[in-house]
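# Structure at a glance
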Amino acid sequence: MSDGYPTAAQKEALSLICDHEPMPTARLGERLLAAREPSTNPGYARAITHMAGTLAWRLQAQGFIAADGADAWRTTSIGRALIACTGAGS
């Protein structure tokens with residue numbers, strides 16, 4: 001998080017959530033992992049999927065997403081405006 005401005009990774013997560021909401025954190029992690037090149041590092045997949053929770057927490061703290069039930073996320077109007085997402089949903 002950089003002085004309240006979202007990072008590229010946060011914008012990527014926000015876009016994924018907006019396009020497929022409501023999105024559980026676990027699914028966000030899966031989609032983030034799928035968007036990256038595979039790695040032979042044994043901890044790579046776990047690190048990327050763990051990052052999903054951190055990204056969601058930061059986006060929520062900034063007001064770009066809000067909880068939707070147990071461990072699922074929806075974008076807020078502020079979050080949708082930030083990335084120009086019309087919210088296609090899943």
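Residues numbered from 1 in each chain as written. Predicted model: local features only at pLDDT ≥ 70, side-chain atom pairs only at ≥ 80, totals over all residues. Heavy atoms only, no water.

Within the protein chain one finds four helices and three strands. In terms of overall dimensions, the protein chain is globule-like: its C-alpha atoms have a radius of gyration of 13 Å, near the 12 Å expected for 90 residues. Counting over 90 residues, the protein chain shows a buried share of 30%. In the protein chain, the share of contacts with a sequence separation of at least 24, taken over all contacts with a separation of at least 6, comes to 54%. Total accessible area on the protein chain is roughly 5,200 Å²; 54% of this is exposed by carbon and sulfur atoms. Taking the 8 positively charged and 8 negatively charged side chains of the protein chain as two groups, their mean positions are separated by 1 Å. (Helix = DSSP H or I, 4+ residues; strand = E, 2+ residues; numbered from the N terminus. Rg over C-alpha atoms; globule rule 2.2 N^0.38 Å. Buried < 20%, exposed > 50% of the residue type's maximum accessible area, 1.4 Å probe, protein only. Contact = heavy atoms within 4.5 Å. Areas by Shrake-Rupley, 256 points an atom, 1.4 Å probe, with all protein chains shown as cover. Lys, Arg positive; Asp, Glu negative; His and termini not counted. Charge placed at Lys NZ, Arg CZ, Asp CG, Glu CD.)

A few words now on the state of the cysteines. Scanning the model with the defined rule gives one disulfide in all. Shown here is the disulfide that connects Cys18 with Cys85, its sulfur atoms set 2.0 Å apart. As the torsion about the S-S bond is roughly -100°, the Cys18-Cys85 disulfide counts as left-handed. Linking Cys18 in helix H1 (residues 8–19) with Cys85 in the segment after helix H4 (77–83), this pair joins segments that are 67 residues apart in sequence. Cys85 matches Cys18 in its accessibility class, with the two residues each being buried. (Disulfide = S-S within 2.5 Å.)

On inspection of all chains with the given rule, the structure shows three salt bridges. With a shortest N-O distance of 3.8 Å, Glu21 and Arg74 are connected by a salt bridge. Taken together, the residues Glu21 in the loop between H1 and strand S1 (23–24) and Arg74 in strand S3 (residues 72–75) connect sequence positions 53 residues apart. Here Arg74 ties to Asp68 by a salt bridge, and the two come within 3.1 Å at their closest N and O atoms. (Salt bridge = Lys/Arg side-chain N within 4 Å of Asp/Glu carboxyl O.)

The complete set of buried residues in helix H2 (residues 25–34) reads Thr25, Leu28, Gly29 and Leu32. Looking straight down H2, one finds that the buried residues subtend no more than 100° of arc, so they occupy a single side. Among the exposed residues of H2, those oriented more than 90 degrees off its buried face are Ala26, Glu30 and Ala34. Of the surrounding secondary structure, the elements contacted by the buried residues of H2 are H1, S1, helix H3 (44–61) and S3. (Arc of directions from axis to C-beta.)

Turning next to the side chain of Gln10. For Gln10, the location among the structural elements is in helix H1. Under the relative-accessibility criterion, Gln10 is labelled buried at 1%. Only 3.3 Å separates the side chain of Gln10 from the side chain of Gln62, close enough to count as a polar contact. (Polar contact = N/O pair within 3.5 Å; in protein donor to acceptor, adjacent residues only side chain to side chain.)

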